[in-house]
Amino acid sequence: MAPSRQNQAPPYAKDEKVLCFHGDLMYEAKVIEVTVKPGQKPEDAQYRIHYKGWKASWDDWVSQDRIRKFTDDNKQLASQLQAQARMRAQGPKGGKKGVKTNGSEMSSARGSEERAAGASSFGGRGPRRGRDYELENEDAFHARPSVKLIIPDILKAMLVDDWENVTKNCQLVPLPHPHPVTKILEDYAAYETPKRLAGSSHLDILQETLAGMKEYFDKSLGRILLYRFERAQYADMYKKWMSDDPEYQGKTASDTYGPEHLMRLLVSLPELIAQTNMDQQSVNRLREELAKFCTWLSKNTTEYFVSHYETPPLEYIQKAKE
């Protein structure tokens, strides 16, 4: 008979080396005391943390949602968060404060009219009804929490190549993709889930993040993630999803498109998240999960990204450019 959860040990032990959040950043630390009140579940334990190199006056009692295992992946995440903090401290060079702090050059490449359509599709602020309304909400808008996600260099290079293949070379990602978004998210879940304690909040957050990525991808692909040259291809694919063809019937964008388009979503997320009412703690957790996913994907580009784009018939090219 399996032991009850009350009798199980907490996920972190006394004297264990860990990483611990203090504000938006993670620091190397040590668990110096563990307390579980009678009747509490192991994941409700409180941990007294000592931060390496800090005075004892900074010792803190924290719950498990602020602690991470001392693994290579989490150490890399801590480094990324430090890099983000340095970028924020430096501030934007030139231009007005707040201009494009939530966006990215790659996401803006698909046109302002497409971003505007996507923003209104995700429960945003709706159409503005005059300059007074805009001025009234501008400060509140820029104060909203945002996801400042650092994309690994190899994924940035894939994004640039993708842009060039589609907009300059007039090529398309082959569809249906051999490694659709659904399969990628399932593979990442299979990789990451064993690292999370069953029934823990960390596992719940992982599952919620992946489900949210799939839903956002399905809803935003046709609105903001396509270059103009790809729209005819999308229209043809949409007809197939609505048809009686058993190969396509009932499928969605995430079942058909792959990591090339998923990366476009990831660089667009800062603008999309700015339209939501997420609190800072939720944004921090989302940023952590997305950073881990990007790191994993960057290590598996050869497995998931296509090596060659296809050149469509001349008839398609002429139609797409009209």
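Structure's up top.
Side note on the side chain of Arg 264
With respect to the helices, strands and loops of the structure, Arg 264 is situated in helix 10 (residues 259-273). Exposure remark for Arg 264: the relative accessible area of 0% places this residue in the buried category. At 2.8 Å, the side chain of Arg 264 and the side chain of Asp 162 are in polar contact.

What to know about the pairing of strand 3 (residues 46-51)
With burial as the criterion, only one face of strand 3 is covered, namely that bearing Tyr 47, Ile 49 and Tyr 51; the residues Gln 46, Arg 48 and His 50 on the opposite face remain uncovered. Strand direction decides the pairing type here: strand 2 (residues 25-35) and strand 3, joined by six bridges, are antiparallel. For Glu 33, the partnering residue across the bridge sits in strand 3 and is Arg 48. Across four bridges, strand 3 lies against strand 4 (residues 60-63) in antiparallel orientation. Across the sheet, the residue bridging to Ile 49 is Asp 60, located in strand 4.

With respect to unusual backbone geometry
With omega at -5°, the peptide bond leading from Leu 175 into Pro 176 counts as cis. If you trace the backbone, Pro 176 turns up in the loop between helix 5 (153-168) and helix 6 (181-192). Its identity as a non-glycine residue notwithstanding, Asp 15 has a phi of 75°, on the positive side.

So, the sheet that holds strand 4
Whenever strands of a sheet pair, they do so through backbone hydrogen bonds, lying parallel or antiparallel. With respect to topology, five strands assemble into an open sheet ordered 4-3-2-1-5, the strand pairing being antiparallel. The sheet is open, and its two borders are formed by strand 4 and strand 5 (67-69), each paired with just one other strand. In this sheet, adjacent strand axes meet at a mean angle of 50° when their direction is disregarded.

Focus on the packing of aromatic side chains
For the structure shown, the criterion picks out 15 aromatic pairs. When the centroid spacing of 4.8 Å and the interplanar angle of 35° are considered together, the rings of Tyr 51 and Trp 54 count as tilted. Judged by relative accessible area, which is 23%, Trp 54 ranks as partly exposed. Seen from their ring centres, Tyr 188 and Phe 293 are 5.2 Å apart, and the 90° between their planes marks the pair as edge-to-face. With Tyr 188 in helix 6 and Phe 293 in helix 11 (residues 280-298), the pair connects residues that are 105 residues apart, well separated along the chain. We classify Phe 293 as buried; its relative accessible area is 1%. Three or more aromatic residues link up through ring pairs in this structure, and these residues are Tyr 188, Tyr 191, Phe 293, Trp 296 and Tyr 304.

Quick word on the side chain of Gln 64
Following the sequence through the fold, Gln 64 ends up in the loop between strand 4 and strand 5. Contacts of Gln 64, omitting those with residues within four sequence positions, involve Pro 11, Tyr 12, Glu 43, Ala 45, Tyr 47, Ser 200, Ser 201 and His 202.

Calculation notes
Residues numbered from 1 in each chain as written. Predicted model: local features only at pLDDT ≥ 70, side-chain atom pairs only at ≥ 80, totals over all residues. Heavy atoms only, no water. Helix = DSSP H or I, 4+ residues; strand = E, 2+ residues; numbered from the N terminus. Buried < 20%, exposed > 50% of the residue type's maximum accessible area, 1.4 Å probe, protein only. Polar contact = N/O pair within 3.5 Å; in protein donor to acceptor, adjacent residues only side chain to side chain. Pairing = 2+ DSSP bridges. Axes fitted to C-alpha atoms, helices over the stretch in contact; angles between N-to-C directions. Phe/Tyr/Trp six-rings, centres within 6.5 Å; stacked < 30°, edge-to-face > 60°. Contact = heavy atoms within 4.5 Å.

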